[in-house]
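# Close look at the chain arrangement
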Amino acid sequence: MRSLNKILYVEDEPDIQTIARLALETVGGFTVEVCSSGIEALEKVGPFAPDLILLDVMMPDMDGPSAMRVLRQQQEHAHIPIIFITAKVQSQEIKEYKAMGAMDVIAKPFDPMTLPQTVNEIWLNNSD
Amino acid sequence: MRYGSIIVTDAKALLYQKLEELRETYTRKLPGKLQDIRDTLNEAQDITKQSPESLKYLHNLVHSLVGSAGTFGLNELSEHMRRMETIIKHRLKKEHSIDAQSIEKLQALLAQITLDTDTPTHTAQIRQDIPDNWRLDKHSGQFVKNPLIYFASNDQQLSADLAPQLAGFGYELQHFDNFAMLEDAVHKMSPAILVVDVSDGENRIASVEEVKQLQTHAKTSCPLIFMSDQSDMRMRLRAVRAGGNAYFTKPIRFISFVERIDALTQKTQHIPYRVLIIDDDEQLGSHYALILRDAGMETKKITQPLQIMDSISHFKPDLILMDIYMPECTGIELAMVLRQNDAYLGTPIVFLSSETSESKQFHAMSQGADGFLTKPIDSQTLVQSVSIRAERSRLISSAMIKDSLTGLLNHVAFKERVSSELARADRTGSEFALVLIDVDHFKDVNDKHGHLAGDRVLILLSQLLRQRLRETDIIGRYGGEEFAVILPGTTLSAAGKVIDEIRIGFSKIIHSQNGCDFSVTFSAGLSYSDQHQNPAHLIEAADMALYRAKQAGRNQVSAPSPASNPD
């Protein structure tokens, strides 16, 4: 089982950024890097080399799925698992996101107190 | 002295507090954000003024609130915003513009929200983030987490029974029916107590030795309780060798179990030990005080031994460090005086003296001391000797006396008081009334308003009882939602009256949780000491009276039935 240490958190809403980072760092013990847009994510993914990317779907400049498409095309980053965070959470949509290549989907709004646990669970469920 | 409250400065508490701060700031920014939306909608009323950018802006504003409001616990607001977002998205998908009718709808929805956040109770929208297993500690006014107990057992019934009972005493039980999962959990987070059922049987969870392995590999070890069907000496020895702190045979007696848990969890408190130092040599006394304070303890220094009685009742030391040879009286004499008082029978006394004669040391010990240290003494030895004894003394006294949530006597301590009061009543002829009080529909309070609310109700009731009753009345927390009172030197009717007044007072209190107001009542049953020789019967009579009060509709006080058997 690969270990989960570094998370790249992509979310344009600053308030949510702050809380999620706090939760993931203090309760989850992860090392977290945040960025506010798909484009910024593409810049940071190289240097930071995360084990996992939490990607908000709806963002102004480049939305989540687009960012993922770009990442999947880049050889060095294609393997990094991505979990989408989105307000839509119908099972059909989850299937669609997964078909796109996402590891899983986390519904928004999320409870910051349990976010680290949710992330852990998804990670464990997907490790072989 | 605090008993049982555990203030955890761990990650979740930190996060929770941070969340509160952020939420505060967020709710202050809300009116501004809503105004922004309002302005944008007003502009959009003129359909010619709508542009892809302005619509995108509107959409983003609303979408962002859906997410952030929800994350901060403002669920109603988030839902409302979601409704608005749905309308916007629907329109934009079809026509890339928003028609007048939809704008009106959006404005109406917005107007609704504004109303809620403007009133002072807009904080009612903020959901209670505090998970069920937190409570408000009345001493510090802080939120403290209920200690977590990992319970590994195949006995599903037992686990189902234990969980709610333990919750009533302020513990959260997490059940494991699989050793691998237990291991996993222990590695991730050490519980306050680990309880493992090592009963033999086809579905045995683990052997005693496997549990020992688990503890040695764990990051931080925690107190360990074994539970089993068997009780032979060999098993018990294995348990001890595996580092078990306690051993319970099934069926377990719940109260003993929870009292042991209380005692074992005291260890994690890190409340500074209080040491009273008695030495006529000012400098030496100060020197010891300094050493002990450096080690994190609180100290009080007396140079005149005769002052001890004043200091001790106020300072409530965990241990007394005493010189033997002092001008006004010897340490030995002082120890004997101290032991005359029941309250200080158990307080550890450690002599510190340059006396090297062994026989003199033994003599000193025989007069009620718990240790003898010879001067000169190095700091480490002093600190360790003091710590060990202070710790033990604390474990013993807190296990024996107080309930952690309310500070009242715990179940066992109260029962003992019933015995001793009955014995006293026999001797002196001064009778007393016994009252059992049970909060009505307490489970509903917990279910509807959460355990935090439930705890507050109990704390409030205990405070009310303390306020209204006399110093000489003895109050205990008898059970999860049960209280008990001994009223010495009181007639049955006078006792009934007092309790009834308290009942009325309690029923009038408006409790508030999440903007929800509610009130709670209790039922009570009385019994009288002159009717019973046996403490168990006395309690039973009050219990039956309580039962009648409940049957008769609750929220009332019931006198003992004249038909209840006097022995």
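Residues numbered from 1 in each chain as written. Chains lettered and ligands numbered in written order. Predicted model: local features only at pLDDT ≥ 70, side-chain atom pairs only at ≥ 80, totals over all residues. Heavy atoms only, no water.

### Thoughts on the interface of chain B and chain A
- With 29 residues of chain B at the contact, the number on the chain A side is 20 residues.
- At the boundary of chain B with chain A, total buried surface from both sides reaches about 2100 Å², with 69% on carbon and sulfur atoms.
- Considering only the surface of chain B that becomes buried against chain A, Leu15, His63 and Thr71 of chain B emerge as the three largest contributors, covering 27% of it.
- At the surface where chain B touches chain A, the tally comes to 2 salt bridges.
- Among the elements of the structure, helix 1 (11-44), helix 2 (52-71) and helix 3 (75-95) of chain B are those that each provide at least two residues to the side of chain B that touches chain A.
- Of all the elements, helix 1 of chain B adds the most residues to the side of chain B that touches chain A, at 11 residues.
- Along the lines of polarity and charge, the residues of the side of chain B that touches chain A split into 9 nonpolar, 9 polar and 11 charged. (Contact = heavy atoms within 4.5 Å. Buried area = accessible area lost by both parts, 1.4 Å probe. Salt bridge = Lys/Arg side-chain N within 4 Å of Asp/Glu carboxyl O. Helix = DSSP H or I, 4+ residues; strand = E, 2+ residues; numbered from the N terminus. Nonpolar A, V, L, I, M, F, W, Y, C, P; charged D, E, K, R; others polar.)

### As for helix 10 (residues 282-294) of chain B
All names here are of chain B.
- Taking 1.5 Å per residue as the helical rise, helix 10 with its 13 residues ought to reach 18 Å, and the 18 Å between its terminal C-alpha atoms agrees with that figure.
- Within helix 10 the residues assigned to the buried category are Gly285, Tyr288, Ala289, Ile291 and Leu292. Taken around the axis of helix 10, the buried residues stretch over an arc of 165°, which confines them to a single face. Residues of helix 10 that are exposed and point more than 90 degrees away from the buried face comprise Gln283 and Asp294.
- Measuring from the backbone nitrogen of Gln283 back to the side-chain oxygen at the start of helix 10 gives 3.1 Å, which picks out Asp281 as the cap.
- At the exit of helix 10 stands Gly296, carrying a positive phi of roughly 95°. (Expected span 1.5 Å × (residues − 1). Buried < 20%, exposed > 50% of the residue type's maximum accessible area, 1.4 Å probe, protein only. Arc of directions from axis to C-beta. Polar contact = N/O pair within 3.5 Å; in protein donor to acceptor, adjacent residues only side chain to side chain.)

### Considering helix 1 (residues 14-27) of chain A
- With 14 residues, helix 1 of chain A should reach 20 Å at 1.5 Å per residue; the first-to-last C-alpha distance of 20 Å fits that figure.
- Taken as a whole, helix 1 of chain A has its buried residues at Asp15, Ile16, Gln17, Ile19, Ala20, Leu22, Ala23 and Leu24 of chain A.
- Those residues of helix 1 of chain A hidden inside the fold are in contact with strand 1 (6-10), strand 2 (31-35), strand 3 (52-56) and helix 5 (115-125) of chain A together with helix 1 and helix 2 of chain B.
- One or two steps after helix 1 of chain A, the chain reaches Gly29 of chain A, where phi turns positive at roughly 75°.

### What to know about the pairing of strand 2 of chain A
All names here are of chain A.
- Pairing between strand 1 and strand 2: 5 bridges, direction parallel. Each residue of the ladder has a partner; that of Tyr9, found in strand 2, is Val34.
- Handedness of the crossover is the feature at issue here: the chain leaves strand 1, passes through helix 1, returns alongside strand 2, and the resulting connection is right-handed. (Pairing = 2+ DSSP bridges. Right-handed = clockwise from strand over helix to strand, strands pointing away.)

### So, the sheet that holds strand 2 of chain A
All names here are of chain A.
- Taking strand neighbours across the sheet as the criterion, the 5 strands line up as 2-1-3-4-5 in an open arrangement whose pairing is parallel. Among the strands making up the open sheet, the edge pair consists of strand 2 and strand 5 (104-107). Adjacent strand axes in the sheet meet at a mean angle of 20°, parallel and antiparallel pairs treated alike.
- Set on the sheet, helix 3 (residues 64-73) makes contact with strand 3 and strand 4 (82-86); between it and strand 4 the angle comes to about 170°.
- Contacting strand 4 and strand 5, helix 4 (residues 91-100) runs over the sheet at an angle of about 140° to strand 5. (Axes fitted to C-alpha atoms, helices over the stretch in contact; angles between N-to-C directions.)

Spatial relationships are all this shows, so hold off on functional conclusions.
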